[in-house]
Amino acid sequence: ESAPAVSSLLREITSKGQKTATLEQMTDMTIMTLVKFNHKDSIKTMIEMLKSNQFKNNSATIDYSLEQLTGIKSPKGDWGSKVSFWHNYALKNS
């Protein structure tokens with residue numbers, strides 16, 4: 001049942017004239033796919049990703065995705081405030 005949505009995302013990546021997507025783009029697309037399917041079980045993992053330097057370039061997508069999945073807007077301000085906010089959210093909702 002999810003095949004059409006995934007196929008659509010893959011078409012979007014390839015329609016940008018790129019033969020291959022970068023790891024960063026693929027990570028963003030994967031995260032957005034989870035949001036599209038309202039996969040709330042991925043919230044904890046996304047929060048861990050947000051805290052990791054490995055996914056620093058994906059942080060805006062992760063923050064946006066967490067907002068979409070939880071229905072809660074993260075605070076405006078520096079990035080540390082956002083990470084702290086989502087970390088506290090995870091503690092309260094685990």
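In case you missed it, the structure is sitting above this.
Residues numbered from 1 in each chain as written. Predicted model: local features only at pLDDT ≥ 70, side-chain atom pairs only at ≥ 80, totals over all residues. Heavy atoms only, no water.

Engineer: Give me the overall build of the protein chain: which residues, what numbers.
Structural biologist: Scanning the protein chain for helices and strands turns up five helices and zero strands. Along the chain direction, N to C, the helices and strands of the protein chain fall in the order α-α-α-α-α. Taken over 94 residues, the protein chain has a buried fraction of 34%. In the protein chain, once contacts between residues fewer than 6 apart in sequence are set aside, the share between residues at least 24 apart is 46%. For the protein chain, the computed accessible surface area is about 6400 Å², with 53% contributed by carbon and sulfur atoms. (Helix = DSSP H or I, 4+ residues; strand = E, 2+ residues; numbered from the N terminus. Buried < 20%, exposed > 50% of the residue type's maximum accessible area, 1.4 Å probe, protein only. Contact = heavy atoms within 4.5 Å. Areas by Shrake-Rupley, 256 points an atom, 1.4 Å probe, with all protein chains shown as cover.)

Engineer: Break down unusual backbone geometry for me, citing the residues and quoting the values.
Structural biologist: Trans is the prevailing form of peptide bonds, just as negative phi is the prevailing case for residues other than glycine. Look at Asn38: it is not a glycine, yet its phi comes out positive at around 50 degrees. Considering the arrangement of structural elements, one finds Asn38 in the loop between helix 2 (23-36) and helix 3 (43-51).

Engineer: Describe in detail the side chain of Asp63, supporting the description with residues and values.
Structural biologist: With respect to the helices, strands and loops of the structure, Asp63 is situated in helix 4 (residues 59-70). In this structure Asp63 comes out as buried when scored by relative accessible area, which is 7%. Side chain to side chain, Asp63 and Trp86 meet in a polar contact 2.8 Å long. Apart from residues lying up to four places away in sequence, Asp63 is in contact with Ser74, Trp79, Lys82 and Trp86. (Polar contact = N/O pair within 3.5 Å; in protein donor to acceptor, adjacent residues only side chain to side chain.)

Engineer: I'd like to hear about the nonpolar core, residue by residue, with values.
Structural biologist: Proteins that are soluble and globular tend to have nonpolar side chains buried together. In terms of nonpolar packing, the biggest core is built from 14 residues, with Ile43, Met46, Ile47, Leu50, Ile62, Leu66 and Trp86 touching the most fellow members. Of all the secondary structure elements, the ones that give two or more residues to this core are helix 2, helix 3, helix 4 and helix 5 (79-92). Top contributing element to this core by residue count: helix 3, with five residues. In this structure, Leu50 is in contact with Ser59, Ile62, Leu66, Trp79, Val83 and Trp86, ignoring residues within four places of it in sequence. (Core = buried A, V, L, I, M, F, W, Y, C linked by side-chain atoms within 4.5 Å.)

Engineer: So what about helix 2? Which residues, and what values?
Structural biologist: With 14 residues, helix 2 should reach 20 Å at 1.5 Å per residue; the first-to-last C-alpha distance of 20 Å fits that figure. For helix 2, the complete set of buried residues consists of Thr27, Asp28, Met29, Ile31, Thr33 and Val35. In the segment just after helix 2, Asn38 is the residue with positive phi, at about 50 degrees. (Expected span 1.5 Å × (residues − 1).)

Engineer: I'd like to hear about the side chain of Thr27, residue by residue, with values.
Structural biologist: Turning to its location among the elements, Thr27 is positioned in helix 2. Look at Thr27 and you get buried, because its relative accessible area is 13%. When near neighbours in sequence (up to four residues on either side) are disregarded, Thr27 contacts Met49, Phe55 and Asn58.

Engineer: Can you explain the packing of aromatic side chains? Please cite residues and give values.
Structural biologist: Enumeration according to the criterion identifies two aromatic pairs in this entry. Judged by centre distance (4.9 Å) and plane angle (75 degrees), the rings of Phe85 and Trp86 are edge-to-face. For Phe85, a relative accessible area of 25% corresponds to the partly exposed category. Note on Trp86: relative accessible area 0%, which makes it buried. Each ring, one from Trp86 and one from Tyr89, has its centre 5.7 Å from the other, and the planes form 75 degrees; the classification is edge-to-face. Here Trp86 and its partner Tyr89 are both found in helix 5, three residues apart, which amounts to about one turn of the helix. (Phe/Tyr/Trp six-rings, centres within 6.5 Å; stacked < 30°, edge-to-face > 60°.)

Honestly, that's just the spatial picture; any functional story needs more than this.
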